[in-house]
Amino acid sequence: MAAYGIPETDISRVMRVDPKTLRKHYREELDLGESKANAQVAGFLFSAAKNGNVTAQIFWLKTRARWKEPAAEHKHLGSLGTYDMTKLSDADLARLESILAPVADAGTDSGGRGSA
């Protein structure tokens, strides 16, 4: 049970012994249970990786050999330039204002200040 991470108090309740009695008679099992379980699972992982399990190989290399995937390259697809608003007609400006006004109002609190 210690190998599975079950707390000593719960183990003692299952075994119907006082926690002090459990520690007195099973100290080594309590101390080494988790390490032995991890070693056994690591052995299975290693065997799986050696036998061609690609998932096990990737996991092993990322955790044990510190391999990592390269950072994703981000490309901006939009325009980075500026737009000359003086070229818009009054009608176009009014249309933009009606579209952007609700967005601008959503970003202000009751005092008229920005939310950020």
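Residues numbered from 1 in each chain as written. Predicted model: local features only at pLDDT ≥ 70, side-chain atom pairs only at ≥ 80, totals over all residues. Heavy atoms only, no water.

Caption draft 1: Geometry of the packing of aromatic side chains. As enumerated under the stated definition, the model contains one aromatic pair in all. Ring centres 5.3 Å apart and planes at 55° place the aromatic pair Phe46 and Trp60 in the tilted group. Taken together, the residues Phe46 in helix H2 (residues 19-50) and Trp60 in helix H3 (residues 54-63) connect sequence positions 14 residues apart. The partly exposed category is assigned to Phe46, whose relative accessible area is 38%. Positioned over the ring face of Trp60 is Arg64, at 5.3 Å from the centre of the ring. (Phe/Tyr/Trp six-rings, centres within 6.5 Å; stacked < 30°, edge-to-face > 60°. Helix = DSSP H or I, 4+ residues; strand = E, 2+ residues; numbered from the N terminus. Buried < 20%, exposed > 50% of the residue type's maximum accessible area, 1.4 Å probe, protein only. Lys NZ or Arg CZ within 6 Å of the ring centre and 35° of its normal.)

Caption draft 2: Region of interest: the packing of helix H1 (residues 8-15) against H2. Their axes nearest at 10 Å, the elements H1 and H2 cross at an angle of 110°. On the basis of the axis angle, H1 is roughly perpendicular to H2. Where H1 crosses over H2, the two elements pack in a sense that is right-handed. Residues Glu8, Ile11, Ser12 and Met15 of H1 pack against Pro19, Leu22, Arg23, Tyr26, Arg27 and Leu30 of H2. (Axes fitted to C-alpha atoms, helices over the stretch in contact; angles between N-to-C directions. Parallel < 35°, antiparallel > 145°, perpendicular 65-115°, else oblique. Left-handed = near helix turned anticlockwise from the far one by under 90°. Contact = heavy atoms within 4.5 Å.)

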